[in-house]
Every structure is written in structure tokens, then in C-alpha cells.
Amino acid sequence: MAVIEVVLGDITQERVDAIVTAANESLLGGGGVDWAVHSAAGPRLAQAGGAIGPCDPGDAMATPAFDLYPPVKHVIHTVGPVWDGGAYGEADILASCYRRSLEVADSLGIRSIAFPAIATGLYGYPVRPAARIARETLAATATKVELIRLVAFDEETYEALSDLAPA
Ligand code: APR
């Protein structure tokens, strides 16, 4: 069973085997956490992403992490749902992002992983429901990953991710 912890900070500074970025389907980079990760990893990340993309919403794909420092082994790109009111399968797609990212991590022998609050920025997913889906999905998914770190970039997200009793 993985340990799940919540921190407040910049995911590009995490010392883990892999960091997850909240990507768009092209995997060519974008704004938000994707911009931070691509900026830190350098232009080869977009080249590698473009070579394996597109990535469907709810799916996850891995590339090397290139120039990220502190060095990590992989970047896992996952595409969250664009929030459209909640009646269009958004919750299932978001849960799939966390589940598929762990499956990809297991296939690469990853033992520690950092996640941002997927879909809660530009894609507009309400923070508290998204935090609950993250915690519940991660707690319910069998994985060989030993440490899962949820990295909040702001206080509201940190509170939402921390308030939840372990699922
Ligand atoms: N470290 C950790 N979290 C961060 C960082 C960072 N350096 N920068 C932003 N975040 C947080 C945001 O504050 C938000 O809580 O990541 C969360 C996800 O927000 P977005 O990055 O906007 O991702 P998302 O809502 O999934 O939208 C994805 O935006 O960046 C583009 O290419 C991306 O088109 C895609 C869309």
C-alpha cells in the first residue's frame, strides 16, 4: 500500500522517480503546471511528447525527464477532463488519469511519484471534488509505487487535498 502525502510547492522541485504533468492531448506543452514542467525539462520534452502523442483524456504516457533538476527518471503526461458541469463523464476521466498514471509508473518500476492537482486549473475542475477523486482513486488502486506525493501549488488546493480523511 502506497503512502500518500500532501505538500505545498512546485512539482518541478520534487525529488521523486517520476513527476506527472497535467498535459493537453498534443503532449507538446501548454500553460500551468505543463508550462513549468516543460520549461524545466527543456525542449526535448515537447519533442518526445510530440513523438508519442496524442494522448486521450484519461490516459497517461511516459517520456524521459531530460533537463529536470533535481533529476527525475520520467515525466508521466496525463490529460484531464475539461470541466463542463459534471454530467459528461468528467469524474471518470479524472479518476482514470490517476489510475493510468500509476499503471504506467508500475510498468517502469517507479517507486515514488508526484502528482499535481490535475484538471483544477485551466480545465476548471472544482478543487474539492477533484481532490476527493484524487485521494479515493489513489487509495483504491493497487500499485507497487511506495510513495505518492500530491503537490499543491496554492493554499486552497493544499487544504482540499489535506482535509480529506484517508479514503
Ligand atoms: N507545481 C505544482 N502544481 C502547479 C504548478 C507547479 N509548478 N503550476 C501550476 N500548478 C497547479 C495549478 O495551480 C493547478 O492546481 O496545477 C494544477 C493544474 O492546473 P493546470 O496546470 O492549469 O492543468 P489543467 O487544469 O489540467 O489544464 C491543463 O492547461 O497547461 C495547460 O497544456 C495544459 O492544455 C492543458 C491544460
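- The name given to the chain in an unreviewed UniProt entry is Macro domain-containing protein, and the organism recorded there is Kutzneria chonburiensis.

## Re the overall build of the chain
Logical step 1: Within the chain, the regular secondary structure consists of 5 helices and 6 strands.
Logical step 2: Overall, the chain shows an N-to-C arrangement of helices and strands of β-β-α-α-β-β-α-β-α-β-α.
Logical step 3: In terms of overall dimensions, the chain has C-alpha extents of about 40 × 30 × 30 Å along its principal axes.
Logical step 4: Every one of the 167 residues in the chain was classed for burial, and the buried ones make up 49%.
Logical step 5: For the chain, the share of sequence-separated contacts (at least 6 apart) that also reach a separation of at least 24 residues comes to 69%.

## Looking at unusual backbone geometry
Logical step 1: For the bond from G53 to P54, the omega torsion is 0 degrees, close enough to zero to count as cis.
Logical step 2: Here Y69 and P70 are connected by a cis peptide whose omega angle stands at 5 degrees.
Logical step 3: The topology assignment puts P70 in the loop between β3 (60–64) and β4 (74–79).
Logical step 4: Positioned with a positive phi, F66 is a non-glycine residue whose angle comes to about 50 degrees.
Logical step 5: Along the chain, F66 falls in the loop between β3 and β4.

## Notes on the packing of aromatic side chains
Logical step 1: Applying the stated rule across the entire model yields 2 aromatic pairs.
Logical step 2: Taking the centre distance of 5.1 Å and the plane angle of 45 degrees together, the rings of Y98 and F115 count as tilted. Taken together, the residues span a long stretch of sequence, with Y98 in helix α3 (residues 90–107) and F115 in strand β5 (residues 112–115) at a distance of 17 residues.
Logical step 3: Owing to a relative accessible area of 2%, Y98 belongs among the buried residues under this scheme.
Logical step 4: Owing to a relative accessible area of 0%, F115 belongs among the buried residues under this scheme.

## Considering the layout of surface pockets
Logical step 1: What the largest pocket holds in volume is close to 550 Å³.
Logical step 2: Only β2 (18–23), α1 (32–41) and β6 (147–152) provide two or more residues apiece to the lining of the largest pocket.
Logical step 3: A total of 5 residues in the lining of the largest pocket trace back to one element, the largest contributor, which is α1.
Logical step 4: The residue makeup of the lining of the largest pocket, split by class, is 15 nonpolar, 9 polar and 3 charged.

## With respect to the site of the ligand
Logical step 1: Taken together, the neighbourhood of the ligand is formed by 20 residues, with N24, G31, V33, G121 and L122 sitting nearest.
Logical step 2: Between the ligand and the protein, one listed contact pairs an oxygen atom with a backbone N or O atom of V33 at 2.7 Å.
Logical step 3: At a separation of 2.8 Å, an oxygen atom of the ligand approaches a polar backbone atom of L122.
Logical step 4: Protein coverage of the free-state accessible area of the ligand, which is 700 Å², stands at 91%.
Logical step 5: When residues of the shell around the ligand are traced back to their parent elements, those giving at least two are β2 and α1.

Conventions and cut-offs
- Residues numbered from 1 in each chain as written.
- Predicted model: local features only at pLDDT ≥ 70, side-chain atom pairs only at ≥ 80, totals over all residues.
- Heavy atoms only, no water.
- Helix = DSSP H or I, 4+ residues; strand = E, 2+ residues; numbered from the N terminus.
- Buried < 20%, exposed > 50% of the residue type's maximum accessible area, 1.4 Å probe, protein only.
- Contact = heavy atoms within 4.5 Å.
- Phe/Tyr/Trp six-rings, centres within 6.5 Å; stacked < 30°, edge-to-face > 60°.
- 1 Å grid on protein atoms, 1.4 Å probe; cavity = no way out; pocket = protein on both sides within 12 Å on 5 of 7 lines; lining within 4 Å.
- Points joined across faces, edges and corners; volume = space filled by probe spheres on them.
- Nonpolar A, V, L, I, M, F, W, Y, C, P; charged D, E, K, R; others polar.
- Near = heavy atom within 4 Å.
- Polar contact = N/O pair within 3.5 Å; in protein donor to acceptor, adjacent residues only side chain to side chain.
- Areas by Shrake-Rupley, 256 points an atom, 1.4 Å probe, with all protein chains shown as cover.

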